[in-house]
Amino acid sequence: AVGLGRLWGQAVRVERLLADAAAPKEALWAALRTFEGFTVLVHPNGALATAVNLGGFRNSAMVFTAPDCVAAMEPQAPGTTRAHLRGRELFELLPRAGVDSVVFNPLGPGTRAVLPLSVVASVLQLA
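Peer 1: Just checking my understanding: could you explain the environment of Pro-106 for this structure?
Peer 2: Tracing the backbone through its elements, the reader meets Pro-106 in the loop between strand S5 (101–104) and strand S6 (113–116). Among the residues examined, Pro-106 registers a relative accessible area of 10% and is labelled buried. Along the primary structure Pro-106 and Ala-72 are separated by 34 residues, whereas in three dimensions their C-alpha atoms are 8.8 Å apart. Once you skip the residues sitting within four places of it in the chain, Pro-106 turns out to touch Met-62, Val-63, Phe-64, Met-73 and Arg-112.

Below, the structure written as C-alpha cells:
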C-alpha cells in the first residue's frame, strides 16, 4: 500500500504542476522525468494512440497520469491496450514515436495539458 500511495502522490504533484502555468519549468520537468506511473494506449501494431489536431498540434501522444484518466479515453480508442512507462522511458520514446506533442489526460478528469515535442529535450537534459 505504501508504494501505491507514493505513486498517487507523484501523480497529484505532476497534475498540479501541469495545471499551474506559473510553476517553475525545472520543477515540472523533474516531476515528469521521475514519475513512475505514466500510462499510454498502444495500437496492435505497437504505435502510440494519438489525438489529432489538438491544441494546435497535428499528432499528440496521449499520456495519462492516473487510471481514471486513461479509463475516460478507452471507450474512444477501441482496440488499444494499456502500456505503463516511467518518465524517462516515456520521454526517450516520444521523439521516435512520430508525434509533434504530448497531451496529458486529454479527457481529464482534471486539467488537460498539451506540451510541444521540444519539451522532451528539456525534460531529459535536467537528468
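Text resumes after the structure shown.
Peer 1: Any chance you could explain the pattern of salt bridges here in plain terms?
Peer 2: If charged atoms from side chains of opposite charge come close, those side chains can pair. Enumeration according to the criterion identifies three salt bridges in this entry. Among the salt bridges present, the one from Arg-88 reaches Glu-92, with a minimum N-O distance of 3.5 Å. Taken as a pair, Arg-88 and Glu-92 lie in helix H4 (residues 87–93) at a separation of four residues, close to a single helical turn. What makes Arg-88 partly exposed here is its relative accessible area of 34%.

Peer 1: Looking at this structure, I do not really get the side chain of Ser-101. What am I missing?
Peer 2: The residue Ser-101 is located in strand S5 in this model. For Ser-101, a relative accessible area of 0% gives the class buried. Among the polar contacts made by the side chain of Ser-101, one reaches the side chain of Ser-60 at a distance of 2.5 Å. Within the structure, the side chain of Ser-101 is placed 3.2 Å from the side chain of Asp-100, a separation counted as a polar contact. Setting aside its immediate chain neighbours within four residues, Ser-101 contacts Phe-57, Asn-59, Ser-60, Ala-61, Val-114, Leu-115, Pro-116 and Leu-117.

Peer 1: Whenever I open this one, the environment of Ala-121 confuses me. Can you help?
Peer 2: Relative to the elements of secondary structure, Ala-121 occurs in helix H5 (residues 119–125). Ala-121 sits 31 residues away from Leu-90 along the chain, and the two C-alpha atoms are 12 Å apart.

Peer 1: Help me understand the nonpolar core, please; the structure alone is not making it clear to me.
Peer 2: Among soluble globular proteins, nonpolar side chains are generally buried collectively. Among the nonpolar cores identified, the biggest contains 28 residues, and Leu-32, Phe-91, Leu-94 and Phe-104 are the most heavily contacted of them. For this core, the secondary-structure elements that each account for two or more residues are helix H1 (2–19), helix H2 (25–34), strand S1 (38–42), strand S3 (57–64), H4, S5, S6 and H5. Those residues within four positions of Leu-94 in sequence are excluded, and the remaining contacts are Leu-48, Ala-61, Val-99, Val-102, Leu-117 and Val-120. Listed in part, the 12 residues of the second largest apolar core include Leu-41, Ala-49, Leu-54 and Val-103.

Peer 1: In this structure, what is going on with the side chain of Asn-105? I would like to understand it.
Peer 2: In this structure, Asn-105 sits in the loop between S5 and S6. Overall, Asn-105 belongs to the buried group, its relative accessible area being 2%. At 2.9 Å, the side chain of Asn-105 and the side chain of Thr-65 are in polar contact. The residues contacting Asn-105, other than those within four sequence positions of it, are Glu-15, Val-63, Phe-64, Thr-65, Cys-69 and Arg-112.

Peer 1: For this particular structure, what's the right way to read the pairing of S6?
Peer 2: Working note: regular strand, side chains alternate between the two faces of the sheet. Here S6 shows a buried face lined by Ala-113 and Leu-115 and an unburied face lined by Val-114 and Pro-116. Both S5 and S6 contribute to a ladder of four bridges, which runs antiparallel. Of the residues in S6, the one forming a bridge with Val-102 is Leu-115.

The rules behind each value
Residues numbered from 1 in each chain as written. Predicted model: local features only at pLDDT ≥ 70, side-chain atom pairs only at ≥ 80, totals over all residues. Heavy atoms only, no water. Helix = DSSP H or I, 4+ residues; strand = E, 2+ residues; numbered from the N terminus. Buried < 20%, exposed > 50% of the residue type's maximum accessible area, 1.4 Å probe, protein only. Contact = heavy atoms within 4.5 Å. Salt bridge = Lys/Arg side-chain N within 4 Å of Asp/Glu carboxyl O. Polar contact = N/O pair within 3.5 Å; in protein donor to acceptor, adjacent residues only side chain to side chain. Core = buried A, V, L, I, M, F, W, Y, C linked by side-chain atoms within 4.5 Å. Pairing = 2+ DSSP bridges.

Nothing here speaks to function; it is all geometry.
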